[in-house]
Every structure is written in structure tokens, then in C-alpha cells.
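# Chain and residue survey
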Amino acid sequence: MTATASSRSTPEELRETTTTSSAAAGRHTVPGVFGPIPSELVADDAVDHPLTATPPLKPGRWYWRDLIASLDPVADAAEIHRITTSYEFPWDYQRALELALYRTYCVPSVSAVLEQAGQFRDNPQKRYDDTALLMVELVEHGYDSPRGKEALRVINRQHARYEITNDDMLYVLSTFIYEPLEWIDAIGWRRLHPHERLAAFHFYRGVGQRMKIADIPEDIGEFRRWRDDYEARTFRYDRNNELIGTYTLDLMCSWYPEAVRPAVRKVVLSLVDDDMTRAFGFPWQPPGRRRAAYAALRARSAVVRWLPVRRRALGSSATENRTYPGYPNGYRPADLGACPIQPRDRMEGCPVMHQGAEGPADAADRGEAVA
């Protein structure tokens with residue numbers, strides 16, 4: 001049975017119920033990496049996300065798409081984007097965002113900052129985990145929630161430690177929008193609803209505004225044209241591109257048994273387009289291998305199309321039970337990153353050296369946004 005707007009409470013009614021329920025939720029502190037996580041940072045999906053808390057017992061295959069169609073792509077952008085990423089296309093979004101980040105390494109000024117930081121060279125798994133978790137925090141809890149605000153503090157603080165241009169920040173933001181949209185439209189189990197496309201744009205535009213990124217285009221098409229022009233101007237081979245690309249490729253291969261790693265490497269290289277291959281200096285892949293890789297992805301999507309509708313979010317942070325390698329006991333966003341905020345508060349200083357007694361990183365640590 002397909003869901004209709006008339007058979008549900010309106011989003012406004014559900015938000016009002018959520019506000020009331022939150023006050024009575026009685027959330028308690030839970031263990032964390034560096035100590036108890038405060039109750040205001042403990043998530044409760046049933047309270048925070050009423051639109052997805054109680055789907056019908058037997059929802060139709062198009063239940064989430066029809067629900068999205070009944071929402072406003074601007075006012076409900078965060079909730080639409082969360083449903084798309086966690087219920088409809090969790091696997092696709094994860095793979096597409098991996099390629100999105102990979103794409104940013106083709107800009108020499110971006111890869112130079114990453115090579116300077118040294119995290120991809122020295123501890124790539126933690127760098128990957130922390131980046132993924134911080135983005136999940138924003139998507140799962142919203143950028144104006146307590147966890148979302150803390151995640152943004154961490155992101156701003158990390159960026160403030162380096163000289164990063166506004167255009168580079170804007171470009172990285174654009175890849176989070178367009179790479180997943182293009183991936184899903186090309187190989188997803190269904191085409192995206194227009195509300196999903198607009199919601200992704202408005203959600204990440206909101207993230208960028210809270211990071212004080214300037215000159216974010218107001219139109220989804222205008223931003224896409226800006227992104228294409230920026231790539232045409234900046235994509236070129238650089239040794240730092242190759243280094244960061246190789247570190248990341250080695251990390252991706254390490255997730256699989258050693259016997260299949262050569263095949264995984266070929267698959268990843270087959271999904272990298274010509275512009276990225278040239279910018280990384282990677283070996284060219286035979287066209288037949290690329291066609292085979294995309295055929296396999298489309299075959300997977302054809303199977304997913306006939307699976308039952310997802311009733312529980314996949315790919316969420318599962319905050320207090322996260323089992324990422326470095327955080328088996330749970331974490332809060334302030335625990336993440338190369339220079340976590342929380343240990344700094346408790347250990348009398350950040351373990352990462354800074355120039356001067358206080359700089360932009362310290363301003364971001366106090367909650368001030370830094371471009």
C-alpha cells in the first residue's frame with residue numbers, strides 16, 4: 001500500500017509532537033571515548049525523526065519516494081536528504097561520497113593541504129573514519145542540532161589550521177551535492193525525485209553557510225556550472241594529487257582480503273573518469289573494464305529495485321554504539337579529528353602544535369565559524 005499525505009500527520013504536526021516528546025524523553029548520559037557523553041548529545045531517532053519512526057507494517061516499494069514528494073524541498077531539505085541517504089540509497093550515497101572526496105584530490109591546492117597535514121600518509125583509516133562520521137552527524141541529526149553544531153565546530157576548527165581558499169571550500173561543498181546525484185541518476189535503482197535533488201542542494205548550502213563559505217550560488221544549476229568551470233580551470237597533474245590519491249586507493253584496497261585487492265584496485269581505477277585519471281597520473285583503464293564495472297553496479301541496482309522497502313536507517317552513526325576502529329565505546333563529535341576538542345578541554349592542551357597562544361583554530365573551538 002502506497003503512503004499518501006492524507007493518511008499521515010503533517011510534517012508540522014509531527015515536529016510539534018517531537019518538541020513535546022523531546023522534553024519528556026528522559027535521555028541519560030552514555031559512555032564515550034573520553035568520558036560520559038552529555039544527555040543533550042545522546043540521540044533518539046524515535047524522537048528526533050518522527051517521519052521515519054513508524055512506517056506502515058507493509059509499506060509499498062515507493063513509500064519513501066511518495067513521502068518525499070509530499071514534503072517541501074526547502075523547508076524539509078534536511079529530512080528529505082536523510083531519508084534519501086539512509087533509507088533509499090545508503091550504499092550508493094556512501095560509494096558516491098567516497099568518489100566525491102576522491103575527486104577533490106585532483107585540485108593541487110586541495111591535495112597540497114592534505115599532504116601538509118600528513119593524516120592520509122600517517123593514519124589514513126582514522127582520517128577516513130572521522131570525515132565520514134562528521135558528515136553523518138550533519139545528515140543524521142541536522143546542522144542545527146546539538147550534535148550537528150558540535151560537528152561543525154570540529155570541521156571549522158580543523159579547516160582553520162590551514163590556509164584554504166574560499167573557492168576550494170566551495171568546490172569541496174559542490175562535490176557533496178553533485179557526485180551522489182549523478183551516481184544515482186546513472187546507476188541507482190530508481191531515478192531521483194526532483195525534491196531529492198533540490199533537498200541535497202539546499203541541505204549542503206545550509207552547511208556551507210554555517211561554515212561561513214562565501215558566494216554560494218543560490219540556484220542548483222548555477223552551482224553546477226560553477227563547479228564544471230572550476231574543474232576545467234584547476235584539474236591538472238600534481239605530485240601531491242598522486243600521493244593523496246595513492247594513499248586513499250591503498251586504504252580502499254585494505255578493506256578487502258589480500259587475495260582480491262588487485263581486483264579491487266582495478267575496479268576503483270575503472271570508476272575514475274578521464275579527468276581524474278589524468279590529474280592523479282594513474283594508469284589508463286581499458287574501456288571494456290570500465291563498461292564491465294558499471295554493468296556490475298547497474299546489475300546490483302536491478303536486484304535492489306525488487307527488495308522490500310527499508311524500514312530502518314542504514315549507514316547512520318548509531319551514536320552510542322559505533323564500532324569504528326578508533327571509537328568502540330561511543331563518541332561525541334568533539335572527540336573526532338586530528339586535534340579533538342574534548343581531549344583539549346580535559347588534557348590541558350591540544351596534542352597538535354599550533355603557532356602562537358591562540359589562532360583561528362582556537363576561535364573555532366569556542367564555536368566561532370571560520371572560513
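Here, the structure is the one placed above.
Residues numbered from 1 in each chain as written. Predicted model: local features only at pLDDT ≥ 70, side-chain atom pairs only at ≥ 80, totals over all residues. Heavy atoms only, no water.

### Topic: the overall build of the protein
Quick reminder of the rule: Numbering of helices and strands starts at the N terminus; helices are DSSP runs of H or I of at least 4 residues and strands are runs of E of at least 2. Residue exposure (1.4 Å probe, protein chains only): buried if accessible area is under 20% of the type maximum, exposed if over 50%, otherwise partly exposed. Any two residues whose heavy atoms approach within 4.5 Å are treated as being in contact. Areas reported here follow the Shrake-Rupley algorithm with a probe of radius 1.4 Å; residue values treat only the protein chains shown as occluding.
Secondary structure assignment for the protein yields 19 helices and 0 strands. Taken over 371 residues, the protein has a buried fraction of 51%. Long-range contacts, defined as pairs at least 24 residues apart, comprise 72% of the intrachain contacts of the protein with a sequence gap of at least 6. Accessible area of the protein: about 17,700 Å², with a carbon and sulfur share of 55%.

### A short note on the packing of helix α14 (residues 239–254) against helix α15 (residues 261–271)
We apply this condition: Here an axis means a line fitted to C-alpha atoms, over the contact stretch when the element is a helix, while the angle between two N-to-C directions is reported on a 0 to 180 degree scale. Roughly parallel means an angle under 35 degrees; roughly antiparallel, over 145; roughly perpendicular, 65 to 115; everything else is oblique. The handedness criterion is simple: a crossing whose near helix is rotated anticlockwise from the far helix by less than a right angle is left-handed, and one whose near helix is rotated clockwise is right-handed. We call Asp, Glu, Lys and Arg charged. Ala, Val, Leu, Ile, Met, Phe, Trp, Tyr, Cys and Pro are nonpolar, and the rest, Gly among them, are polar.
At their nearest, the axes of α14 and α15 sit 9 Å apart, and the two run at 130° to each other. Viewed along their axes, α14 and α15 adopt a mutual orientation that is oblique. For the element pair α14 and α15, the recorded crossing hand is right-handed. For the pair α14 and α15, contact is made by L249, D250, M252, C253 and S254 and by R261, V264, R265, V268 and L269, respectively. A per-class count over the contact of α14 with α15 returns 6 nonpolar, 1 polar and 3 charged.

### Some remarks on the packing of helix α9 (residues 124–141) against helix α10 (residues 146–160)
It is the contact of α9 with α10, at a shortest axis distance of 9 Å, that shows an interaxial angle of 150°. Taken together, the axes of α9 and α10 lie roughly antiparallel to each other. When you trace α9 past α10, the crossing you get is left-handed. Residue-level contacts link L134, E137, L138 and H141 of α9 to R147, G148, A151, L152, V154 and I155 of α10. Considering only residue class, the contact of α9 with α10 consists of 6 nonpolar, 2 polar and 2 charged.

### Topic: helix α5 (residues 77–88)
This is how the line gets drawn: One fewer than the residue count of a helix, multiplied by 1.5 Å, yields its expected span.
The terminal C-alpha atoms of α5 lie 15 Å apart, and with 12 residues this matches the ideal 16 Å at 1.5 Å per residue to within 8%. Here the buried face of α5 lies against α3 (50–53), α4 (63–69), α6 (90–104), α9 and α12 (194–210).

### Notes on the packing of aromatic side chains
Quick note on the threshold: Between rings of Phe, Tyr and Trp, where Trp is taken as its six-membered ring, a pair exists when centres lie within 6.5 Å; planes separated by under 30 degrees are stacked, by over 60 edge-to-face, and by other angles tilted.
Here the structure, examined in full by the defined rule, presents 18 aromatic pairs. Look at Y105 and F120: their rings are 5.3 Å apart centre to centre, the planes differ by 70°, and that puts the pair in the edge-to-face class. Here Y105, found in the loop between α6 and α7 (108–117), pairs with F120, found in helix α8 (residues 119–122); they are 15 residues apart in sequence, far enough to count as distant. Relative to F223, the ring of Y178 has its centre 5.9 Å away and its plane inclined at 80°; by these criteria the two rings are edge-to-face. Within this pair, whereas Y178 is found in helix α11 (residues 166–187), its partner F223 is found in helix α13 (residues 220–234), the two being separated by 45 residues in sequence. Across this residue pair, the class does not change: Y178 and F223 are buried. Every member of this aromatic cluster is reached through a ring pair, and the members are Y171, Y178, F201, F223, W226, Y230 and F235.

### Examining the environment of A292
Looking at the secondary structure, you find A292 in helix α17 (residues 287–304). In the structure, A292 is positioned 22 residues away from S270 in sequence and 8.9 Å away in space, judged by C-alpha atoms.

### A look at unusual backbone geometry
The general pattern is negative phi for most residues beyond glycine and trans for most peptide bonds. Notably, K212 is not glycine yet its phi reads approximately 60°, a positive angle. Topologically, K212 is positioned in the loop between α12 and α13. The residue D215 is not glycine, and still its phi comes out positive at about 60°. Secondary-structure assignment places D215 in the loop between α12 and α13.

### Description of the pattern of salt bridges
Pairs can form between side chains of opposite charge once their charged atoms are near each other. Heads up, the rule is: By definition here, a salt bridge exists when the distance from a side-chain nitrogen of Lys or Arg to a carboxyl oxygen of Asp or Glu is within 4 Å.
For the structure shown, the criterion picks out 27 salt bridges. When the shortest N-O distance is used, the salt bridge between K126 and D130 registers 2.6 Å. Taken as a pair, K126 and D130 lie in helix α9 at a separation of 4 residues, close to a single helical turn. Overall, the relative accessible area of 29% leaves K126 in the partly exposed class. The partner of D229 in a salt bridge is R233, and the shortest N-O contact between them spans 3.0 Å. On the criterion of helical spacing, the pair formed by D229 and R233 is a turn pair, its members being 4 residues apart in helix α13. Taken together, the salt bridges that share partners define one network made up of R103, E179, E182, R224, R227, D228, E231 and D273.

### Here we look at a nonpolar patch on the surface
Where we set the bar: Patch rule: a residue counts if its relative accessible area is over 30% and it has no salt bridge; like charges are joined within 9 Å, and nonpolar side chains (Val, Leu, Ile, Met, Phe, Trp, Tyr) within 5 Å.
On the surface, W255, Y256 and V260 cluster together to form a nonpolar patch covering roughly 260 Å² of accessible area. Within the secondary structure, W255 sits in the loop between α14 and α15. Overall, the relative accessible area of 33% leaves W255 in the partly exposed class.

### What about the nonpolar core?
As a reminder of what qualifies: By convention a nonpolar core is built from buried Ala, Val, Leu, Ile, Met, Phe, Trp, Tyr and Cys residues, the set being connected through side-chain atoms within 4.5 Å.
Membership of the largest hydrophobic core comes to 66 residues, with the highest contact counts inside it found for Y102, L138, W183, Y204, V207 and F223. The greatest single-element share of this core, amounting to 11 residues, is contributed by α11. Not counting chain neighbours up to four residues away, the residues in contact with L138 comprise Y143, G148, A151, L152, I155, F203 and V207. With 12 residues, the next largest nonpolar core counts L67, A77, I80 and I83 among its residues.

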